[in-house]
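# Secondary and tertiary structure notes
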Amino acid sequence: MKNDFPILKQTIYGKPLVYLDNAATTQKPQCVIESINYAYSHFNANIHRGVHYLSRVATEEHEKARKAVAEFISAKSEKEIIFSKGTTDSINMLAWSLSEKENFLQEGDEIIISSHEHHSNIVPWQMLCKRKKTILKVIPIIDDLSLDIEAYKNMLSHRTKFVSIAHVSNLLGLINPVEEIIRLAHEVGALVCVDAAQSAPHIPINVQALNCDFLVFSAHKMYGPTGLGILYGKEDLLNDLPPAEGGGEMIDHVTFEETTYNTLPYKFEAGTPDFIGTYAFHSAIDYINQNGKIAQISKHEAMLTEKLEQSLLEGNYSGASIKIYANDLHKAGVISFNLFNKDSKLIHPYDVGMLLDRQGVAVRTGHHCAEPLTHLLGVPGTVRASIAMYSDEDDIYSLIKAIEKAAAMLI
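Being a predicted model, the structure only gives us computed values, none of them experimental. Residue numbering note: each chain is counted from 1, following its sequence as written. Residues qualify for local features only when their pLDDT is at least 70, as the model is predicted, and side-chain atom pairs are given and counted only at 80 or more; totals for whole chains, interfaces and linings, by contrast, use all residues. Only hydrogens and water are removed before side-chain values are computed, so all heavy atoms of the structure are retained for them.

Right, let's talk about the layout of surface pockets for a bit. Put plainly, a pocket is an open set of points on a 1 Å grid over the protein atoms alone with protein on both sides within 12 Å along at least five of seven lines, a cavity is a set where a 1.4 Å probe fits but cannot get out, and a lining residue has an atom within 4 Å of a point. Grid points are joined across faces, edges and corners, and a volume is the space filled by probe spheres set on the points. Of the voids in this model, the largest pocket is the one considered here, and its volume is about 350 Å³. In terms of lining residues, the largest pocket is bounded by 21 residues, among which Ala 23, His 118, Asn 170, Gln 198 and Lys 221 are the most central. For the lining of the largest pocket, the class distribution of residues is 6 nonpolar, 11 polar and 4 charged. Approximately 230 Å³ is the volume found for the second largest pocket. If you trace the second largest pocket, you find 15 residues lining it, with Phe 83, Ser 84, Lys 85, Ala 270 and Pro 273 closest to the centre. By the convention adopted, Pro, Cys, Tyr, Trp, Phe, Met, Ile, Leu, Val and Ala count as nonpolar, Lys, Arg, Asp and Glu as charged, and the other residues, Gly among them, as polar.

Packing of helix H3 (residues 87-100) against helix H4 (residues 123-132) brings their axes to within 9 Å, and their N-to-C directions diverge by 15°. Taken together, H3 and H4 sit at an angle that is classed as roughly parallel. The chirality of how H3 crosses H4 is right-handed. Here H3 contributes Ile 91, Asn 92, Leu 94, Ala 95, Trp 96, Leu 98 and Ser 99 to the contact with H4, which in turn contributes Pro 124, Trp 125, Leu 128, Arg 131 and Lys 132. The class makeup of the residues in the contact of H3 with H4 is 8 nonpolar, 2 polar and 2 charged. Only the stretch in contact is used when fitting a helix axis, every axis being a line fitted to C-alpha atoms; angles between N-to-C directions are given from 0 to 180 degrees. Only DSSP runs of H or I with at least four residues qualify as helices, and only runs of E with at least two residues qualify as strands; both kinds are numbered from the N terminus onward. Any angle from 65 to 115 degrees is called roughly perpendicular, while one under 35 is roughly parallel, one over 145 is roughly antiparallel, and all others are oblique. A clockwise turn of the near helix away from the far one marks a right-handed crossing, whereas an anticlockwise turn of less than a right angle marks a left-handed crossing. Contact criterion: two residues are considered in contact whenever any of their non-hydrogen atoms come within 4.5 Å of each other.

A few words on the side chain of Glu 249. Within the secondary structure, Glu 249 is located in the loop between helix H8 (235-240) and strand E11 (251-254). At a separation of 2.7 Å, a polar atom in the side chain of Glu 249 contacts the side chain of His 48. Setting aside anything within four residues of it in sequence, one finds Glu 249 in contact with Ile 47, His 48, Arg 49, Asn 262, Tyr 266, Glu 269 and Gly 271. Two N or O atoms count as a polar contact when they lie within 3.5 Å, although within protein this holds only if one can serve as hydrogen donor and the other as acceptor, and sequence-adjacent residues are included solely when both atoms are side-chain atoms.

For the rest of this paragraph, the subject is the nonpolar core. The biggest cluster of nonpolar side chains holds 57 residues, and the ones touching the most others in it are Ile 73, Tyr 152, Leu 215, Phe 217 and Phe 281. With 6 residues, the top contributor of residues to this core is helix H9 (residues 275-290). Apart from the residues lying within four places of it in its own chain, the contact partners of Leu 215 are Cys 193, Val 194, Ala 196, Ile 205, Val 207, Leu 210, Ile 230, Leu 231 and Tyr 232. Throughout this description, the term nonpolar core refers to a set of buried Ala, Val, Leu, Ile, Met, Phe, Trp, Tyr and Cys residues connected via side-chain atoms within 4.5 Å. Working definition: with a 1.4 Å probe on protein chains only, accessible area under 20% of the residue-type maximum means buried, over 50% means exposed, and in between means partly exposed. Counting 28 residues, the second largest nonpolar core, distinct from the first, contains Ile 324, Ile 387, Ala 402 and Ala 406.

Our next topic: the pattern of salt bridges. Criterion for a salt bridge: a side-chain nitrogen of Lys or Arg within 4 Å of a carboxyl oxygen of Asp or Glu. Within the structure shown, the criterion is met by 17 salt bridges. A salt bridge links Asp 392 to Lys 2, with the shortest nitrogen-to-oxygen separation between them at 3.4 Å. Note that Asp 392 is positioned in the loop between strand E18 (382-386) and helix H13 (393-410) and Lys 2 in the segment before strand E1 (11-12), a separation of 390 residues in sequence. Residue Asp 21 is joined to Arg 364 by a salt bridge in which the shortest nitrogen-to-oxygen separation is 2.6 Å. Here Arg 364 lies in strand E17 (residues 364-366) and Asp 21 lies in the loop between strand E3 (18-19) and helix H1 (30-42), a separation of 343 residues in the sequence. A residue is classified by how much of its surface remains accessible, and Arg 364, at 35% relative accessible area, is partly exposed.

Expected span of a helix: the number of residues minus one, times 1.5 Å. If you check helix H2 (residues 53-72), its first and last C-alpha atoms are 29 Å apart, about what 20 residues at 1.5 Å a residue would give, namely 28 Å. Among all positions in H2, only Ser 55, Val 57, Ala 58, Thr 59, Glu 61, His 62, Ala 65, Arg 66, Ala 68, Val 69, Ala 70 and Phe 72 are buried. On its buried side, H2 packs onto strand E4 (81-84), strand E9 (214-218), strand E10 (229-233), H9 and helix H10 (293-314). Note on H2: the residue one or two positions beyond its end, Ser 74, has a positive phi of about 60°.

Before going further, it helps to spend a moment on H3. In this model H3 runs 20 Å from its N-terminal to its C-terminal C-alpha over 14 residues, within 8% of the 20 Å that 1.5 Å per residue would give. Of all 14 residues that make up H3, 10 are buried, and the element is covered over most of its length. Buried within H3 we find Thr 87, Asp 89, Ser 90, Ile 91, Met 93, Leu 94, Ala 95, Ser 97, Leu 98 and Ser 99. Taken together, the buried residues of H3 touch E4, H4, strand E7 (160-166), strand E8 (191-195), E9 and E10.

Let us now look at the pairing of E9. Most of E9 is tucked away: 5 of the 5 residues are buried. Because side chains alternate across E9, one face comprises the buried residues Phe 214, Val 216 and Ser 218, and the other comprises Leu 215 and Phe 217, equally buried. Relative to E9, E8 runs parallel, the two being bridged by 3 bridges. Following the sheet pairing, Asp 195 is matched in E9 by Val 216. Paired strands are those between which DSSP finds at least two bridges. The pairing of E9 with E10 spans 5 bridges and is antiparallel. Within E10, the residue paired with Phe 217 across the bridge is Ile 230.

Any two rings among Phe, Tyr and Trp, with Trp reduced to its six-membered ring, count as a pair given centres within 6.5 Å; such a pair is stacked if its planes are under 30 degrees apart, edge-to-face if over 60, and tilted if neither. Enumeration over the complete set of coordinates arrives at 9 aromatic pairs. Judged by centre distance (5.0 Å) and plane angle (80°), the ring pair of Phe 43 and Tyr 279 falls under edge-to-face. Placement of the pair is Phe 43 in the loop between H1 and H2 and Tyr 279 in helix H9, with a sequence separation of 236 residues. For Phe 43, a relative accessible area of 3% translates into the label buried. Given a relative accessible area of 18%, Tyr 279 falls into the buried group. Ring plane angle 35° and centroid distance 5.1 Å describe the contact between Trp 125 and Phe 162, whose orientation is recorded as tilted. Here Phe 162 lies in strand E7 and Trp 125 lies in helix H4, a separation of 37 residues in the sequence. Residue Trp 125 is classed as buried on the basis of its relative accessible area, which comes to 0%. Grouping aromatic residues by their ring pairs yields a cluster made of Phe 5, Tyr 223, Tyr 287 and Tyr 390.

Shown next, in the form of C-alpha cells:
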C-alpha cells in the first residue's frame, strides 16, 4: 500500500522516511493527488450557480461527495452532512449556532466536556459560556487515565444542555465509551456532539447506531485534502438551528430589510465551498473502501497498535526507562510515551523527537493541543507515535531502533 503514497518513498537525512505522525495528518495516496489536478483541469467552475456545463459537472461531483460521506458514517440523508473548513471550524459553527438558538441556553445552564479534549473542543465552549453566562464542566480522569464515568453520571442534571466528547483522545489514543455517554446525556434531555477527528480514520462509525446528535471530523486525517471538514447533525436539529455565517449560497431570498435562509445542508455553507476538496475527499473515501473498508483497516491498525506498545516496553534504552501513558487500555492508532533517565528525570520529549527525526522517523512531540491533559499527567508533553492504514511492522522496528539510539545519546 505504501507504493500508493508518493511522499513515503523519499529519504530524510539519508534515511528512509518512517512516518508515524498520522494523528496530526495523514499522507495522501496518488489517486487523491491526481483527483485535485483532474478537477482543476476538467470542471473548475463555481457550483450551484451556473447553467453551463462545467458548473453542472462540478455541482454533481460536489454532491456525490456529500452522499459518499453520508454513507461512510451511515447518516440517514446527505442533508445531514455540512461541509466546513475542518473539525475546529465544525465545532465553532455548532457552538455559535447553539448560542444563538432562541431559548436553548439560559444563564447557569451547563455544558460538559472531558479531560481528554483537544483545544478545539475546549475553547469554543469556553467562549460560548462566557457569552451566555453558562457553566463549563469537565469529566475527570481516574488512575488509569480513562474517563471517570461515575463522576460524569453525577454531573448530569436538568441544567445540562450539551455534552461534547472526544471519541478517541488525540494524546492517549483511548477510545471513550461514547455510546454510554450519549445515552446518559439523553436521559436528562441534553444534546451530544462527538469529536470523531481521531476515530473516523480508524473505527467504523454509524451515527444512527450511536444516536449522537452531532459528529465532527476532518478530511486531512483520512487521506484527504486539508481545509475540509464535516459537521453531521440530525436533520431536525439542524433545521432548528440558526446559521453560523451569512453570505452567498446559504440564502433563499435577500432584501435590505430581511433575509430568508436556504434549506439543508446549504443553510450552513456560506460562500463558495471547496468543491475541489470535496471531490478529492470522495476519492479518499473510495480509496479507503477499496482497501478493505474501515472495519478491516481497524483490525490491521489494532494489531499494529498492540505490537507498537509491546515493542516499546521491550526496547533496550541503555538504562533509561519508558513510560507509556494509559498502557494496556483499548486504543485507536495512538501511543504516547516519555523516556526518563537513570535518576528518573524526564528526558524532554522535544529532544527525543529531534533525534528521531535525524534518523528519518517522524513523530509528534509536545502537548498535542491537549495542554490541560498533559498538566494532569504532570509532564510538559509527550512523544506521540501514531499509525495509519499504510503503517507496518517495519515502521515499528525502525521506531524502536531509533528510540534506543536516541536514549543512548540522551541518558
